[in-house]
Amino acid sequence: MEHTSFGDQRNATFSLTEEDHTLANALRFTLNQDPRVMFCGYSIPHPSEARVNIRVQTTGDPAREVLKDACQDLMQMCQHVRSTFDNAVADFKKGSSRE
Amino acid sequence: MSSSDSDSDTSMKEAQDKGFVSALDLPDVPSQKLPPHLELRKTRVLCNADAPVNTDTIQYSGAYASMGVDNSLRLDHFSNNFRVEVTRLTEEEMEFDMVGINPAIANAFRRILLAELPTMAIEKVLIANNTSVIRDEILAHRLGLIPIKADPRLFDYLSENDKPSEKNTIVFKLHVACERRGPRIAVKSDELKWLPNGSELHKASEGSNPNAKVETYTSFTRSQDSLPEFSSNPVTVYPDIIVSKLGPGQEIELEAHAVKGVGKTHAKWSPVATSWYRMLPEVVLNEEIKGKKAEILKQKCPVGVFDIEDLADGTKRAKVARPRACTLCRECVRDGEEWEKRISLRRVKDHFIFTIESTGALPPEVLFTEAVKILEDKCERVISDLS
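Residues numbered from 1 in each chain as written. Chains lettered and ligands numbered in written order. Predicted model: local features only at pLDDT ≥ 70, side-chain atom pairs only at ≥ 80, totals over all residues. Heavy atoms only, no water.

- As recorded in an unreviewed UniProt entry, chain B goes by DNA-directed RNA polymerases I and III subunit RPAC1 and comes from Trapa natans.
- As stated in UniProt under Sequence similarities (unreviewed entry), the record for chain B gives "Belongs to the archaeal Rpo3/eukaryotic RPB3 RNA polymerase subunit family."
- Quoted straight from UniProt, the Subcellular location (unreviewed entry) entry for chain B says "Nucleus". (UniProt positions renumbered as here; feature names shortened; annotations may be inferred.)

- Under an unreviewed UniProt entry, the name given to chain A is DNA-directed RNA polymerases I and III subunit RPAC2, and the source organism is Trapa natans.
- Chain A has a UniProt comment under Subcellular location (unreviewed entry) that states "Nucleus".

1. Regarding the interface of chain B and chain A
Stage number 1. With 45 residues of chain B at the interface, the matching set in chain A holds 42 residues.
Stage number 2. When chain B packs against chain A, the two sides together hide about 4100 Å² of surface, and 69% of this comes from carbon and sulfur.
Stage number 3. B:Arg111 is the salt-bridge partner of A:Asp20, the closest N and O atoms lying 3.1 Å from each other.
Stage number 4. Elements represented by at least two residues in the side of chain B that touches chain A include exactly helix H3 (75-81), strand E3 (83-89), strand E4 (93-99), helix H4 (103-115) and helix H9 (364-386) of chain B.
Stage number 5. Here the element with the most residues in the side of chain B that touches chain A is H9(B); it accounts for 15 residues.
Stage number 6. Of the residues that constitute the side of chain B that touches chain A, the class distribution is 24 nonpolar, nine polar and twelve charged. (Contact = heavy atoms within 4.5 Å. Buried area = accessible area lost by both parts, 1.4 Å probe. Salt bridge = Lys/Arg side-chain N within 4 Å of Asp/Glu carboxyl O. Helix = DSSP H or I, 4+ residues; strand = E, 2+ residues; numbered from the N terminus. Nonpolar A, V, L, I, M, F, W, Y, C, P; charged D, E, K, R; others polar.)

2. Side note on the packing of aromatic side chains
Stage number 1. Under the definition given, this model contains eleven aromatic pairs over all chains.
Stage number 2. Judged by centre distance (5.0 Å) and plane angle (70 degrees), the rings of B:Phe96 and B:Phe368 are edge-to-face. Of this pair, B:Phe96 sits in strand E4 while B:Phe368 sits in helix H9, and the two are 272 residues apart along the sequence.
Stage number 3. Ring geometry for B:Phe354 against B:Phe368: centres 5.7 Å apart, planes inclined by 75 degrees, an arrangement best described as edge-to-face. A residue pair is termed long-range when its members are at least 10 positions apart, and B:Phe354 in strand E16 (residues 343-358) and B:Phe368 in helix H9 qualify at 14 residues.
Stage number 4. A network of ring pairs unites the aromatic residues A:Phe85, B:Phe96, B:Phe109, B:Tyr277, B:Phe352, B:Phe354 and B:Phe368 as a single cluster.
Stage number 5. Taking NZ or CZ as reference, B:Lys300 lies 4.6 Å from the ring centre of B:Trp339, over its face. (Phe/Tyr/Trp six-rings, centres within 6.5 Å; stacked < 30°, edge-to-face > 60°. Lys NZ or Arg CZ within 6 Å of the ring centre and 35° of its normal.)

3. Considerations on empty space enclosed by the protein
Which parts of space are left empty comes out when a probe the size of a water molecule is rolled across the atoms.
Residue and element names in this part refer to chain B.
Stage number 1. Applying the stated criterion across every chain, the model contains one cavity of 30 Å³ or more.
Stage number 2. In this model, the largest cavity occupies a volume close to 70 Å³.
Stage number 3. As for the largest cavity, its lining consists of Cys301, Pro302, Val303, Val305, Phe306, Cys326, Thr327, Cys329, Arg330, Glu331, Cys332 and Leu345.
Stage number 4. Across the lining of the largest cavity, the residue classes tally to nine nonpolar, one polar and two charged. (1 Å grid on protein atoms, 1.4 Å probe; cavity = no way out; pocket = protein on both sides within 12 Å on 5 of 7 lines; lining within 4 Å. Points joined across faces, edges and corners; volume = space filled by probe spheres on them.)

4. Focus: the nonpolar core
In globular proteins that are soluble, nonpolar side chains generally tend to be buried together.
Stage number 1. In this structure, B:Phe96, B:Met98, B:Ile101, B:Phe109 and B:Phe368 are the most contacted members of the largest nonpolar core, which totals 61 residues.
Stage number 2. If you tally residues by element for this core, the top one is helix H2 (residues 63-98) of chain A, at 13 residues.
Stage number 3. In this view, B:Phe368 contacts A:Val81, A:Phe85, B:Phe96, B:Met98, B:Phe109, B:Leu113, B:Phe354 and B:Ile356; residues no more than four positions away in its chain are not counted.
Stage number 4. Membership of the second largest hydrophobic core comes to 28 residues, among which are B:Met120, B:Ile148, B:Val237 and B:Val243. (Core = buried A, V, L, I, M, F, W, Y, C linked by side-chain atoms within 4.5 Å. Buried < 20%, exposed > 50% of the residue type's maximum accessible area, 1.4 Å probe, protein only.)

Written out as structure tokens, the structure reads:
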């Protein structure tokens, strides 16, 4: 991954290889929900190259830290989704076996 | 204070009925709650007769800052509101409701299910004899698409320099011949026989040394059915898929090697037949629809969303009985403006009815948890790259 930052730490573009809309769009969502983010967006420079560029501009914090926090948030959300889902499936199986 | 709050609430409701809210009606102190018309915009897609509106999701954290409402991501808030309800679950298919999640993440799960969860699929076919009408390459392609019932988590990827071994390859044999004087036969996928000891075809030896050990196309160090995972549970393929048809005297003899892969590379590795979600439909009657109009409304809907209830005074009134069945055909709001005014068709933006159709390698509920794990792994990779 490249981390290109011109001059200051607040604005940066991160180039993730072997990733596509799947991760980039989810990250864009979590980044947008962070009050420290002034602007964020992503683009796929070329469709036949497995790469996304994620642009992050913050109000003051280093963009790298903000992106890291966004990943952390997304991960925690995933963990919560997984545990909730597993519980729901277990409940459903219990319910249907009783019938 | 509370009385003035409820005053402003009712005046706002009146204003909303008129279709707008004046800034003068808004409370002076931010109430941490959006006015109803904005709440509607934020949480619902309005499916009008001409086009859907408010289709975007408001993501920016400061979108409602001027109203004193925080739109940023709060994990505790997410955890409290997120819920999952399973509505249907069989070995191959499941449907569940996922409530309180953003489409960006729901879509990530769907995309991972389709393209990034590994399965086993036939990748290499060694054809010893094929006199059927189906040509070799087409036969090989057809074999590739047959779902294999083997847990992909028990296998490794076969990389370019690897030799095919019991850890990364499943070998099947198919040998069918049609009798010379018999009727034509159909070759079904269950004719594929698992070879737990690996390939049985011998490689052509380079030298003419008769004492050299004969090499096959795989190098298994041990038989797969001696492994605990497979001893009680042999590898099979989805039965009853017609691979080819054979006329009298025709024969197919081949060996098929299945390896691990992902749907991104080729759709044959996709673990789902398909997987999709739709937003929960919400059908609201803006006014009471009675008598003949109620009958017309019930007739209009091709999927039977509406029902008629008999009131005590003998009149008939339309009610929304099965909103989930709504396919958004908008037939009910098609006949002129008066119908558009009577009925509001909406979709709830954060309520997803998620369906997974598995091809059989793994049950659908396992597929979903695996998909979530893959998204977690992706995040972890980015975090470790950043630190």
